Amino acid sequence: MPKRNLKSRFFNRELSWLEFNARVLEEARNHDNPVLERLKFLSIVSSNFDEFFMVRVAAVKARLRSESQAPDLSGFTPAELFTRISAKAHEITEGQYQVLVKEILPLLKAGGLHVTAPADWDGETALKLAEYFTSQVAPSLTPLIIELDESARLPVIGNLRIHGAFLLTLDTEDLAGGSGHGKAISEYGAKPGREYLAILRVPPNLGRFLPLASSEPSLVRMA
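Not measured: the values here are computed from a predicted model.

**Q** Could you give an account of the packing of aromatic side chains, naming the residues involved and the relevant values?
**A** To describe a pair of aromatic rings, one takes the distance between the centres and the angle between the planes. Enumeration according to the criterion identifies 5 aromatic pairs in this entry. Here the aromatic rings of F49 and F53 are separated by 5.7 Å at their centres, their planes lie at 50°, and the arrangement is tilted. Taken as a pair, F49 and F53 lie in helix α2 (residues 35-65) at a separation of 4 residues, close to a single helical turn. Since its relative accessible area comes to 7%, F49 is described here as buried.

**Q** An account of the environment of G95 is requested, with residue identities and associated values reported.
**A** With respect to the element layout, G95 can be found in helix α3 (residues 78-110). Note on G95: relative accessible area 5%, which makes it buried. Among all residues touching G95, those that are not within four sequence positions of it are L25 and R29.

**Q** How would you explain the side chain of S74 if you had to name every residue and give the values?
**A** Within the fold, S74 resides in the loop between α2 and α3. There is a polar contact of 3.4 Å between the side chain of S74 and the side chain of N12. Polar contacts involving the side chain of S74 include one to the side chain of D72, which spans 2.6 Å.

**Q** I'd love a proper account of the environment of N159, names of residues and values included.
**A** Within the secondary structure, N159 sits in the loop between β2 (144-147) and β3 (163-169). The sequence separation of N159 and M54 amounts to 105 residues, and the corresponding C-alpha distance is 7.9 Å.

**Q** Describe the pattern of salt bridges, listing the residues and the values that go with them.
**A** The tally for this structure, following the rule as stated, stands at 7 salt bridges. Of the charged contacts in the structure, one is a salt bridge between E103 and R38, with a shortest N-O distance of 2.4 Å. With a gap of 65 residues between them, E103 in helix α3 and R38 in helix α2 connect regions that are remote in the sequence. For E103, a relative accessible area of 26% puts it in the partly exposed group. Taking the relative accessible area as the measure of exposure, R38 reaches 3% and is therefore buried. K88 is the salt-bridge partner of E91, the closest N and O atoms lying 3.3 Å from each other. Taken together, the residues E91 and K88, both in helix α3 and 3 residues apart, mark about one turn of the helix.

Cut-offs applied
- Residues numbered from 1 in each chain as written.
- Predicted model: local features only at pLDDT ≥ 70, side-chain atom pairs only at ≥ 80, totals over all residues.
- Heavy atoms only, no water.
- Phe/Tyr/Trp six-rings, centres within 6.5 Å; stacked < 30°, edge-to-face > 60°.
- Helix = DSSP H or I, 4+ residues; strand = E, 2+ residues; numbered from the N terminus.
- Buried < 20%, exposed > 50% of the residue type's maximum accessible area, 1.4 Å probe, protein only.
- Contact = heavy atoms within 4.5 Å.
- Polar contact = N/O pair within 3.5 Å; in protein donor to acceptor, adjacent residues only side chain to side chain.
- Salt bridge = Lys/Arg side-chain N within 4 Å of Asp/Glu carboxyl O.

Dropping the structure here:
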């Protein structure tokens with residue numbers, strides 16, 4: 001009895017879901033939609049991805065780690081499926097940023113609302129933002145310092161939270177000179193010449209954007 005071509009008879013649910021999210025992205029590309037509605041569709045794409053990676057991609061990775069590498073009903077092995085998911089997810093994400101940067105942000109700026117980059121800050125704005133960081137942001141930061149060696153393991157940092165990651169190297173001069181950065185890093189037991197990963201969780205109680213007082217409404221992206 002000839003073998004059935006499973007790929008021709010079944011859809012893979014993960015790949016089908018990605019196609020659905022691609023259709024959501026198409027609504028963000030639709031010029032007939034108001035600009036703020038298009039921005040909302042971009043946000044929906046991202047929130048959809050949050051659940052997709054936490055649940056569905058996690059299940060695929062569990063299959064990758066298991067002993068059985070048999071194909072599913074759609075005919076894909078875990079490795080094949082993971083490769084296809086990665087390619088499609090990168091394609092959708094790239095499309096998101098293209099729409100955001102090249103279309104939506106310019107349209108918002110034309111309407112009087114824009115996100116300012118550090119290169120556009122004047123001296124007064126930079127000073128106010130530095131004061132805001134010192135008084136509001138810095139006290140809420142708790143860095144995790146990990147030495148990058150063969151035994152290094154990433155800590156559990158939680159889902160649906162924004163984190164920043166930084167590669168740090170402590171020089172001997174930092175310790176000898178007593179610099180603020182060197183002193184702060186050495187307090188965590190860091191040793192000169194070794195490479196460390198610092199992970200910072202963006203405080204959830206602070207907004208993603210900070211309004212700036214000016215003749216034209218503008219925002220600073222904080223995370």
